[in-house]
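What follows is the residue order along each chain.
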Amino acid sequence: MKYNKREKAIVLLADGTIFHGKSIGKKGTAFGEVCFNTGTTGYQEIFTDPSYFGQLMVATNAHIGNYGTHADEMESESVKISGLICKNFSYNYSRPSAEGSLEQFFEKHNVLAISDVDTRALVSYIRDNGAMNALISTDVENIEALKKQLADVPNMDGLELASKVSTKEPYFYGDENATYKIAALDIGIKKNILKNLAERDAYIKVFPFNAKFEDLEAFKPHGYFLSNGPGDPEPLMDAQTLAKEIIKRNLPLFGICLGHQVIALANGISTYKMHNGHRGINHPVKNLITTKGEITSQNHGFAINREETEQHPDIEITHVHLNDNTVAGIKMKTKNCFSVQYHPEASPGPHDASYLFDQFIENIKNA
């Protein structure tokens, strides 16, 4: 069935603010926390990143869909965003290697998207008023009913979502004859993280979000990894317990994004929900160890408490975000453990931080 591409649609924010647009195809209503990504490329990776589960994505780039889609650009097996909000949606694409249009991709994955929205005004509003729940809908005649439905959507603060995107059963990635074995906890892992580890002569076994230390230990890994992922880190008690066990035994541990927050919580450092988060591929970070700057790919709505981190006797801040001085990386002074708040696999994004995977392997070698 072919939908009317120019169906009227709206963005309705939790505070009652409405932005108008047009459906790109599918009719219906989608709910989530509204957020924005400032990247100019990599939309397919963004849409399939498990860290975006439960969120309505506003794309700040003016054109979305112009280079189509490709199977190699999937960060997971399915689309993870709740829906897309954009300015100009390209039904046609120009990349010769593309395997299909973004419209076909969304139809396959049953994704609701709307275009012709004043995304500059919407992003400006989110920046001023903070991330909040929202909906996108083609049911533009029933605003009051939509408001009631939106009021029932749970807030991201306190929401556990890792279980929604984690693997149900353990699986392997890479060459089983590789030099190093790494046990990875999947709380929303991206394929390109696994690819980066495998490229460094590692064989990875990926475990579900609620796996116990004994499960990971039975693999006899040389190192342990805590992945990125969606939602609030505080409810992830199993992951925090796992991190505490790994740290107690002084085993090599590396955490990215949600994994970084879990490591902080395991050390008694609290986390908090940010005003509107960091999402994009040009975020400036300073490495306090080397004093060098890095342009990084970021995607998170929570952060760790800087004051508590500075006061912790066994934690050193290694990286800071230069826009707002939030903690972007830590390491433990007496344990083989470090983590960053951004994405060194940078898919999409710059590769300034790919050295962190090398650092993890070096930590494993020297353990």
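What you see is a predicted model; the values in this text were computed from it and never measured.

### With respect to the sheet that holds strand β3 (residues 29-37)
Next, step 1: Read once around its circumference, the closed barrel built from 7 strands follows the order β1-β2-β8-β6-β4-β3-β9, with strand pairing classed as mixed. Shown here is a sheet whose adjacent strand axes are inclined to one another by a mean of 35°, direction ignored.
Next, step 2: Where strand β1 (residues 8-13) meets strand β2 (residues 18-23), 5 bridges bridge the pair, whose relative direction is antiparallel. Among the inter-strand pairings, Ala9 is bridged to a residue of β2, identified as Gly21.
Next, step 3: The strands touched by helix α3 (residues 119-129) are β1, β2, β3, β4 (55-59), β6 (83-85) and β9 (132-137); relative to β4, the strand with the most contacts, the crossing angle is about 125°.

### Quick word on the domain arrangement of the protein chain
Next, step 1: Here the domain parsing of the protein chain yields domain 1 (8-152) and domain 2 (162-366).
Next, step 2: Of note, the centres of domain 1 and domain 2, computed from C-alpha atoms alone, are 28 Å apart.
Next, step 3: Each partner contributes to the interface: domain 1 provides 28 residues, whereas domain 2 provides 22 residues.
Next, step 4: Counting each side, the surface lost to burial between domain 1 and domain 2 is near 1900 Å², with a carbon and sulfur contribution of 50%.
Next, step 5: Linking domain 1 with domain 2 are 2 salt bridges.
Next, step 6: Residue Glu77 is joined to Lys191 by a salt bridge in which the shortest nitrogen-to-oxygen separation is 2.8 Å.

### Some remarks on the sheet that holds strand β18 (residues 327-332)
Next, step 1: Pairing is mixed in the open sheet, where 10 strands are placed in the order β10-β12-β11-β13-β14-β19-β18-β17-β15-β16. The open sheet is flanked by β10 (171-173) and β16 (293-304), the only strands paired with a single partner. Averaged over all pairs of adjacent strands, the angle between strand axes in this sheet comes to 25°, irrespective of strand direction.
Next, step 2: Pairing of strand β13 (residues 223-226) with strand β14 (residues 253-256) involves 3 bridges; the strand directions are parallel.

### With respect to the UniProt feature "domain: Carbamoyl-phosphate synthase small subunit N-terminal" (unreviewed entry) in the protein chain
Next, step 1: As recorded in UniProt, the feature "domain: Carbamoyl-phosphate synthase small subunit N-terminal" (unreviewed entry) lies at residues 7-137.
Next, step 2: The straight-line gap between the two end C-alpha atoms of residues 7-137 is 10 Å; of that span, 18% is helix and 33% is strand.

### A closer look at the UniProt feature "active site" (unreviewed entry) in the protein chain
Next, step 1: The UniProt record marks Cys257, His343 and Glu345 with the feature "active site" (unreviewed entry), using the residue numbering of this structure. The largest pairwise C-alpha distance within this set of annotated residues, which runs over 89 residues, is 11.6 Å, so the set is compact in three dimensions.
Next, step 2: In this fold, Cys257 is placed in the loop between β14 and α9 (258-266).
Next, step 3: In this structure Cys257 comes out as buried when scored by relative accessible area, which is 2%.
Next, step 4: The contacts of Cys257, once residues within four sequence positions are left out, are Asn228, Asn299, His300, Val340, Gln341, Tyr342 and His343.
Next, step 5: Assignment of secondary structure puts His343 in the loop between β19 (337-340) and α11 (355-365).

### Observations regarding the pairing of β2
Next, step 1: Turn length for the β1-β2 hairpin, with the two strands adjacent in sequence and antiparallel, is 4 residues, and the turn residue Gly16 shows positive phi of about 95°.
Next, step 2: Sheet analysis places β2 next to strand β8 (residues 112-115), joined by 2 bridges and oriented antiparallel. Along β8, the bridge assignment pairs Lys22 with Ser115.

### Observations regarding helix α2 (residues 102-109)
Next, step 1: Turning to α2, its buried residues number three or more, namely Leu102, Glu103, Phe105 and Phe106. For α2, the arc enclosing every buried residue in end-on projection is 160°, short of the 170-degree limit, so these residues lie on one face.
Next, step 2: Residues of α2 that are buried make contact with α1 (43-47), β5 (63-64), β6, β7 (88-89) and β8.
Next, step 3: Following α2 by one or two positions, Asn110 adopts a phi angle in the positive range, close to 55°.

### Here's the deal with the nonpolar core
The nonpolar side chains of soluble globular proteins are, as a tendency, buried together.
Next, step 1: Formed by 34 residues in total, the largest nonpolar core has its most connected members in Leu226 and Leu253.
Next, step 2: Those elements that provide at least two residues to this core are β11 (180-185), β12 (202-207), α7 (213-217), β13, α8 (237-248), α9, β17 (315-321) and β18.
Next, step 3: Every residue in contact with Leu253, bar those within four places of it in the chain, is listed here: Tyr224, Phe225, Leu226, Ala243, Ile246, Ile247, Ile263, Asn336, Cys337, Phe338 and Phe360.
Next, step 4: Among the nonpolar cores identified, the runner-up in size contains 25 residues, and Phe225, Ala353, Leu356 and Phe357 belong to it.

### Topic: the packing of aromatic side chains
The relation between two aromatic rings is expressed through the spacing of the ring centres and the mutual angle of the planes.
Next, step 1: Applying the stated criterion to the full structure yields 15 aromatic pairs.
Next, step 2: Ring plane angle 25° and centroid distance 5.9 Å describe the contact between Phe213 and Tyr224, whose orientation is recorded as stacked. With Phe213 in helix α7 and Tyr224 in strand β13, this pair connects stretches of sequence that are 11 residues apart.
Next, step 3: Ring-pair connections join several aromatic residues into one group, and the members of that group are Tyr43, Phe47, Tyr67, Phe89, Tyr91, Phe105 and Phe106.
Next, step 4: Residue placement shows Lys181 over the ring face of Phe219; its charged tip is 4.5 Å from the ring centre.

Parameters and conventions
Going along each chain's sequence as written, the residues are numbered from 1 onward. Totals for whole chains, interfaces and linings use every residue, but because this is a predicted model, local features are given only for residues with pLDDT of at least 70 and side-chain atom pairs only at 80 or more, for both listing and counting. The side-chain values count all of the structure's non-hydrogen atoms but skip hydrogen atoms and water molecules. Paired strands, as defined in this entry, are two strands with at least two bridges between them according to DSSP. Think of it this way: any DSSP run of H or I at least four residues long counts as a helix, any run of E at least two long counts as a strand, and we number them from the N terminus. To get an axis, fit a line to the C-alpha atoms, keeping to the stretch in contact for a helix; angles then go from 0 to 180 degrees between the N-to-C directions. Contact definition: two residues touch when any of their heavy atoms are within 4.5 Å. Each domain's extent was defined by an automatic or database domain assignment. Note on terms: buried area is the combined drop in 1.4 Å-probe accessible area of two parts once they are placed together, counting the loss on both. Each reported salt bridge corresponds to a side-chain nitrogen of Lys or Arg within 4 Å of a carboxyl oxygen of Asp or Glu. UniProt positions are given in the numbering used here, feature names are shortened, and annotations may be inferred rather than shown by experiment. Exposure classes here rest on a 1.4 Å probe applied to the protein chains alone. A residue is buried below 20% of its type maximum, exposed above 50%, and partly exposed in between. To be clear, the arc concerns the directions from the helix axis to the C-beta atoms. To qualify as a nonpolar core, a set must consist of buried Ala, Val, Leu, Ile, Met, Phe, Trp, Tyr and Cys residues joined through side-chain atoms within 4.5 Å. Within 6.5 Å between ring centres, the rings of Phe, Tyr and Trp (the latter by its six-membered ring) count as paired, and their orientation is classed by plane angle as stacked under 30 degrees, edge-to-face over 60, tilted in between. In our convention, an over-ring charge means Lys NZ or Arg CZ found within 6 Å of a ring centre and within 35 degrees of that ring's normal.

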